[in-house]
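A look at the structure
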Amino acid sequence: MQLPESWLRDFCNPPLSTEQLADALTMGGLEVESVRPAAPAFTGIVVAEIKSAEQHPNADRLRVCQVDAGQGGEPLQIVCGAPNARAGIRVPCALVGAELPPDENGKPFKIKVGKLRGVESYGMLCSARELGISDEHAGLLELPSDAPVGQSVRDYLTLDDALLDIKLTPNLGHALSVHGTARELAALTGAPLTGWDAPPVAANCDERLPVTVEATDLCGRFSGRVIRGLNLHAATPDWMVQRLARCGQRSVSALVDISNYVMFETGQPSHIFDLDKIHGDLHVRWARKGEKLVLLNGDEVALDENVGIIADERAVESMAGIMGGDATAVSDSTQAVYVEAAFWWPDAIAGRSRRYNFATDAGHRFERGVDPANTVRAIERITRLILDICGTPDTRVGPIDDQQQPNLPQPAPITLRAARAAKVIGMDISAAQCADVLRRLGLEYSESAPGVFSVQPASHRFDLRIEADLIEEIARLIGYGSLPDTPPLAPLQPRTPPATQRSRFAVRRSMAELGYLETINFSFVDEAWERDLAGNADPIRLLNPIASQMGVMRSSLIGSLLQVLKYNLDRRAPRVRVFELGRAFRRDASVPTGDASVRGISQPERLAALAWGSAQQQGWEGRQQPADFYDMKGDLEALLAPLAPVFEPATHPALHPGRSARIVLDGTPVGHIGELHPRWRQAWELPSAPVLFEIELDAVLARPLPHAAPVPRQHAIWRDIAVIVPEAVTHAQVMAAIHAAPTQGLLHGATLFDIYRPKPGDAGMQAGEKSLAIRLQLGSDQPLADDAIDATVQTVLQSLATALGARLRS
């Protein structure tokens, strides 16, 4: 909301500078976002009168004017091209040496003696745009005929007036006017408040327009008055045009300007109908499906049962509380009007204009709450202004028709306890201080017991409903700067991370070192992702999703990474390696409610990564191979080292059934790894399948505590063996059988270094078999004899034969 400081000070004028006033409002909850002058800086521009305006001898569109600028002596000769330059008018005149407002480059324009088409000019006559007041530049800015010649235009038009841009929260609807802001300023500073003047205007005729309020849940109070015999050619006075402009409202016509002026002044919106265009009685009701209305802005809108309207016997004439209709709008030929001011229920107005993609000042106020006690006073104020500006000797004013419904807002009394206020605010507050705040707010109260008040909220304070609202007002008016600076008292206990666990930051750093970029995604995902990629038929649904495609909580991070991949591929990324560390959400009846948990919902943290494109950055080696299962497996093993994960064949809804595995640590499944399922690669329109893994974060954070071991005194001994096993035997089974052999600690390790599959005609091997070459590492603190070494090797061979049916290859 924008308003001029001068108008605000007409109602409340505390002894504060502009900066102090803005600070007082901001600290009182009415945030002043900016303070700027009504016009940019300029000097040397005065009120001048054109004494004569003769045609330029060498130019058809220029006039040579003789101008009295109050300097004494001979008039100034100024050449002017404005079409309205004529003798007798008073206009702004920039004298020689004057500086006009800066141009687009920020440089001021300095007036010098010039010569236009052979005629010297000693100054410049100015338009409103040249002064930076408005965008009007069709002609000179004409000033009133009584403007004092020679006076500074800046002083005469009060262009040093400050414009305050105030940001109001929705609960401060009572401050959406100049007087409402002044009322808050008076409460904050203690300065006296002047009320807005609305003396009753006596009716001199009995004409009324019948109005029926059919929807009491739409309108709680409806007031109106008929006025006839207006001046068709009345113009809005300059002082009103100026104040409207400084509120950000352009002048339209005298009647419209009066209605807008009273709204900015009092906060009560109103509407003025052309009475001669109304057919029969008016009806205040909800619209019917299929009804249409052409608004004042020219848009035609289709109405329904959720939109309030004012209609006559033939058609809809206005959208209640938001905007009037074009059919009954006032015009230059309007001689009779019907002035309406009403109280529309906030819930009946809220959101209606946004449905049609526009907003109005009236709707903005009504949906926050307008004082229902002001409708008649506002009409009296509008009537007086209409009579003063548009009145004639034949003007007739009818009585005010005021219909109040029994369901008008009746704020209930609120009990305020001074002790409770002191406890909530955190400082000593006496009953006298509470009473002073209530008095400054203009609230009626009584003290039912020492320190206990019964407070009656004012009709304009829709935000006062419970004791906490009044406590907030006390803190606001006492001043947030008066609150004591009390440091919190809490025990500080340093938390040393356990040596067996690394931090999340360390995990992120490790992933970055492996060449992955971190992504952060919403936990809200498409329900189809849960069904297809996680096999979750019963996801956790949101009651109020921010978007239709974000209606459930994710139980897997895979969908989020695929979305990131798709986004980057659509922008022609040649290589994508991303990871995310975040929470998943699944139903789990065993989870209780706690400080960081919700009953029935498990929220484990997980780490997921995705790789697509070449396994390595492009280098001089030529074309790189695409990343595959084994590249991702190597990255995961590097991340988990020194822990050694086991990869078991398994299926997952999102992964290729033959190119995926379960990740097992210490016998516990902790995640999955594999290539994306061909079905989902095709559904996501990916050129090739990415590889990815998802693992429980706790498994990644775990770190075994290192143990010191003595350096062996003897060299290690290696022995190579080749065993023949069935084709179906896996590497893991072979290693398990080797390490299960009772070697009395002499076997320190085993490594597979070759695989041989028989060719037709090979002796000693059959189809369906393979030969595995394994290197055994033996060691001891004592020197090993050949007999002990051979015995250990035989023990290993016996274990392989017993467990897998292996035989030594000859």
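Coordinates for the structure precede this section.
Our subject in this report is the structure included herewith. Because the structure is a prediction, the values reported are computed rather than measured.

Next up on the list: unusual backbone geometry. In this chain, alanine 641 is followed by proline 642 through a cis amide linkage whose omega measures 10 degrees. Even without a glycine there, the phi angle at aspartate 666 is positive, about 50 degrees. A relative accessible area of 76% means that aspartate 666 is categorised as exposed. Despite not being glycine, glutamate 685 shows a phi value in the positive range, around 55 degrees. By the secondary structure assignment, glutamate 685 is in the loop between α18 (678-683) and β37 (691-696).

What follows is about the sheet that holds strand β25 (residues 444-449). With antiparallel pairing, the 3 strands of this open sheet are ordered in space as β24-β26-β25. Bordering the open sheet on either side are β24 (414-417) and β25, each of which pairs with just one other strand. The mean inter-strand angle of the sheet, taken between neighbouring strand axes irrespective of direction, is 30 degrees. Its contacts with the sheet place helix α12 (residues 431-440) against β24, β25 and β26 (452-456), and it is angled at close to 5 degrees to β26. Taken strand by strand, helix α13 (residues 467-478) contacts β24 and β26, and its axis lies near 50 degrees from that of β24.

Right, let's talk about the environment of isoleucine 474 for a bit. Turning to its location among the elements, isoleucine 474 is positioned in helix α13. A residue is classified by how much of its surface remains accessible, and isoleucine 474, at 1% relative accessible area, is buried. Sequence separation between isoleucine 474 and alanine 329 is 145 residues; the distance between their C-alpha atoms is 46 Å. Apart from residues lying up to four places away in sequence, isoleucine 474 is in contact with Leu416, Ala421, Ile425, Ile429, Cys434 and Val437.

Definitions and cut-offs
- Residues numbered from 1 in each chain as written.
- Predicted model: local features only at pLDDT ≥ 70, side-chain atom pairs only at ≥ 80, totals over all residues.
- Heavy atoms only, no water.
- Buried < 20%, exposed > 50% of the residue type's maximum accessible area, 1.4 Å probe, protein only.
- Helix = DSSP H or I, 4+ residues; strand = E, 2+ residues; numbered from the N terminus.
- Pairing = 2+ DSSP bridges.
- Axes fitted to C-alpha atoms, helices over the stretch in contact; angles between N-to-C directions.
- Contact = heavy atoms within 4.5 Å.

Spatial relationships are all this shows, so hold off on functional conclusions.
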